[in-house]
Each structure stands twice: as C-alpha cells, then as structure tokens.
Amino acid sequence: MEKLFFELASESRLGILHKLKEKNWKMNALARKLDLTTTETFRQLQRLKEAALVEKQPEGKYAITAYGRLVLQLSSSLEFVFKHKQYFLTHDVDQIPQQLISRIGELSRTKLLMGMIESTTKSSKMIGEAKQFMWGISPEPLPAPLNEVSKQIPKGAEYRILSPQPPTKLPNLENRMLSEVPVIMAVTEKEATVSFRFIDGRVDYAGFSGNDPVFLNWAKDLFLYYWNKGKRT
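Residues numbered from 1 in each chain as written. Predicted model: local features only at pLDDT ≥ 70, side-chain atom pairs only at ≥ 80, totals over all residues. Heavy atoms only, no water.

> I'd like to hear about the overall build of the protein, residue by residue, with values.
In terms of regular secondary structure, the protein is built from 10 helices and 10 strands. The buried share of the protein, reckoned over its 233 residues, is 43%. Of the contacts formed within the protein by residues at least 6 apart in sequence, a portion of 65% connects residues at least 24 apart. Element-wise, carbon and sulfur atoms account for 54% of the exposed surface of the protein, whose accessible area totals about 13,200 Å². Positive and negative side-chain charges of the protein, numbering 34 and 26 respectively, have mean locations separated by a distance of 5 Å. (Helix = DSSP H or I, 4+ residues; strand = E, 2+ residues; numbered from the N terminus. Buried < 20%, exposed > 50% of the residue type's maximum accessible area, 1.4 Å probe, protein only. Contact = heavy atoms within 4.5 Å. Areas by Shrake-Rupley, 256 points an atom, 1.4 Å probe, with all protein chains shown as cover. Lys, Arg positive; Asp, Glu negative; His and termini not counted. Charge placed at Lys NZ, Arg CZ, Asp CG, Glu CD.)

Structure representation (structure tokens):
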C-alpha cells in the first residue's frame, strides 16, 4: 500500500492519470496539455507503467489501465476529505453508516456552505421548488407555521420529514420520529443539502449542497437509511 500511496503522492502523476481517464494520449500531447517537459512526462509515465496504473498502446498512445481507473475512482474519497480537512476536523461522521462513508467521494461535486443563513436559505428554496418529492431530516420538531407551507405542496408530490420529537401533524406530509439524528438534510428531485453535527454533538447548519446526480443518489440513500429506522407517528 505504501508504494501505491507514494505513486499517487505527485501532482504531475495524478494529473496524468486524470487526463488518461478522459481519453488516451500520446506523450508529447500529454506534456503540452499538462505544461510539463517531455523528459518529465516520460519519467512519470514510466513510473506509472511500473505501478501498472497506465499502459502504452501499440499506436504509441498511453492509456489508463482498468486497475488504474479503479484506484483513481477510490482515491476520490480521500481527495474530498483532504480538500475539506478543516471541516472534518470539527464535525462528526462516525454515526454515518460505513457503506456511505466509503462512498463519501460522491460528494466531490458539492459546494460547502459555511454560513447558517446561506445553508437555511438554500434548504428553504429547495423545499419551495420541489415538484416530485422533498425528504428532510430536522433536529427539531416542525414549527406550526409550516402548516401554510404544507398547503402549497404540489398535488402528488411526496413529502417526508424525520425528526427526534413527534412533529406537528400536517396535511400532505408523512412524519417519522428518530430519537437521535446525526445529520440535517433536505433532498428533492433536483438538489440536496447535508450537514453533520459538531464533534461535541451540537447542531451545525454548515454543510454540503449540490445537484450532481451522483451526490443526489448518495443523499437519498442516507435519508432512506435513517427513515427506515424511524418510528411512524
């Protein structure tokens, strides 16, 4: 493993792998694309070949191997966590199911919203624009004023809310209760937001938001994991 990590611990080698993931390249064209010298590109390609991450095609182009493609795909989780190191130093993800932690790289195309106002404004906008469904996990019971919101739910749309206390009974909403919710989130057919608690358990609305289909699938799987644990009210 240390040999593999060593080969990935290079900006130029990672750049080469990412480019070869898109398509096959000849060495000179690859060097120009990455602004590297041909000597440096040749040296890095040789190292990647020895590590079985790339291979040279008969026509002279270089291609990423199936093994290299898999390694690059799995490394996206580490890249995402490293990019947001300061956030994960203070936020708890231990309660998230392991199968979703291993897929955390699927959040790579999200945007980190650090302000409470920015985050709650985004969630409110999502709820108002949902046409097919809106699933949400809230750390508190739903406030009574949402009764007005429930009247605006499009006919046929599916609204689900999970919270730690019996929520307010509202028409057009399905409610479940879960004593401890480690995340705050909202998911619609278009977008999703997810926020993790601080390490000391305090609620924090800073979190990740996006509309990438891969992230949406991750968010839906996370919501359904907790929804299936919830108690019907």
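> Quick one: what's the story with the pattern of salt bridges, residue by residue and with numbers?
On inspection of all chains with the given rule, the structure shows 14 salt bridges. When the shortest N-O distance is used, the salt bridge between Glu106 and Arg103 registers 3.0 Å. Judged by its relative accessible area of 23%, Glu106 is partly exposed. With relative accessibility at 25%, the residue Arg103 sits in the partly exposed group. Each of the salt bridges in this network shares a partner with another, and the network as a whole consists of Glu7, Arg13 and Arg47. (Salt bridge = Lys/Arg side-chain N within 4 Å of Asp/Glu carboxyl O.)

> Could you give an account of a nonpolar patch on the surface, naming the residues involved and the relevant values?
Together, Met1, Phe5 and Leu78 line one region of the surface with nonpolar side chains, adding up to about 360 Å² of accessible area. Relative to the assigned elements, Met1 resides in the segment before α1 (2-8). (Patch = residues over 30% accessible without salt bridge, like charges linked within 9 Å, V, L, I, M, F, W, Y side chains within 5 Å.)

> I'd love a proper account of unusual backbone geometry, names of residues and values included.
Of note, the phi angle at Asp35 is positive, near 55 degrees, even though the residue is not glycine. By secondary structure assignment, the location of Asp35 is in the loop between α3 (27-34) and α4 (38-50).

> Explain the layout of surface pockets to me, and be specific about the residues and the numbers.
Approximately 560 Å³ is the volume found for the second largest pocket. Those elements that place two or more of their residues in the lining of the second largest pocket are α2 (11-22) and α5 (66-83). In terms of residues, the lining of the second largest pocket owes the most to one element, α5, which gives nine residues. Grouping the amino acids of the lining of the second largest pocket by side-chain chemistry returns four nonpolar, eight polar and seven charged. (1 Å grid on protein atoms, 1.4 Å probe; cavity = no way out; pocket = protein on both sides within 12 Å on 5 of 7 lines; lining within 4 Å. Points joined across faces, edges and corners; volume = space filled by probe spheres on them. Nonpolar A, V, L, I, M, F, W, Y, C, P; charged D, E, K, R; others polar.)

> Can you explain the side chain of Thr193? Please cite residues and give values.
By the secondary structure assignment, Thr193 is in strand β8 (residues 192-196). Given the relative accessible area of 6%, Thr193 is considered buried. Those residues in contact with Thr193 that lie beyond four places of it in its chain are Lys122, Ser123, Met126, Ile184, Met185, Ala186, Phe208 and Ser209.

> Can you explain the packing of aromatic side chains? Please cite residues and give values.
Enumeration according to the criterion identifies nine aromatic pairs in this entry. Aromatic pair Phe80 and Phe208: ring centres 5.3 Å apart, planes at 55 degrees, arrangement tilted. Placement of Phe80 in helix α5 and of Phe208 in strand β9 (residues 207-210) is noted, with a sequence separation of 128 residues between them. Seen in terms of ring centroids, Tyr87 and Phe208 are 5.0 Å apart; in terms of plane orientation they differ by 70 degrees. Their pairing is edge-to-face. With Tyr87 in helix α6 (residues 85-90) and Phe208 in strand β9, this residue pair connects regions lying 121 residues apart in the sequence. One exposure class covers both Tyr87 and Phe208, and it is buried. (Phe/Tyr/Trp six-rings, centres within 6.5 Å; stacked < 30°, edge-to-face > 60°.)

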